[in-house]
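# Structural overview
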Amino acid sequence: MPKMKTKRGAAKRFSATGSGKVKRAQAFTSHILTKKSTKRKRNLRKGDLVDATNVASVKRMLPYM
């Protein structure tokens, strides 16, 4: 059986933690930053985990994660 292909767009957006959870970046950080407070922008820099309801679909896109 041939190797499975990874969805490259997903590979650039998600990564695995040591315990196997899926990390993601926060949204709302690319433009229209003037109306967002400094505190809000600072907190958006931090990564977050993918919600449990979406983990299965992300792992399907990344078969070798």
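Residues numbered from 1 in each chain as written. Predicted model: local features only at pLDDT ≥ 70, side-chain atom pairs only at ≥ 80, totals over all residues. Heavy atoms only, no water.

### Things to note about the overall build of the protein
When you go through the protein residue by residue, the secondary structure sums to 3 helices and 3 strands. Since a compact globule built from 65 residues should have a radius of gyration of about 11 Å, the 15 Å found for the protein marks it as more spread out than a globular shape. In terms of overall dimensions, the protein has C-alpha extents of about 50 × 25 × 20 Å along its principal axes. A buried classification covers 11% of the 65 residues belonging to the protein. Contacts in the protein between residues far apart in sequence, at least 24 positions, make up 62% of those at least 6 positions apart. Counting every atom, the protein has about 5700 Å² of accessible surface; 55% of that belongs to carbon and sulfur. (Helix = DSSP H or I, 4+ residues; strand = E, 2+ residues; numbered from the N terminus. Rg over C-alpha atoms; globule rule 2.2 N^0.38 Å. Buried < 20%, exposed > 50% of the residue type's maximum accessible area, 1.4 Å probe, protein only. Contact = heavy atoms within 4.5 Å. Areas by Shrake-Rupley, 256 points an atom, 1.4 Å probe, with all protein chains shown as cover.)

### As for the environment of Arg8
Structurally, the position occupied by Arg8 is in helix α1 (residues 8–13). Taking the C-alpha atoms as reference points, Arg8 and Leu62, separated by 54 residues in sequence, lie 8.5 Å from one another.

### Considering the pattern of salt bridges
With the rule as written, the count across this model stands at 1 salt bridge. Arg24 serves as the salt-bridge partner of Asp48, at 3.1 Å between the closest nitrogen and oxygen. Note that Asp48 is positioned in strand β3 (residues 48–49) and Arg24 in strand β2 (residues 22–24), a separation of 24 residues in sequence. We classify Asp48 as partly exposed; its relative accessible area is 33%. (Salt bridge = Lys/Arg side-chain N within 4 Å of Asp/Glu carboxyl O.)

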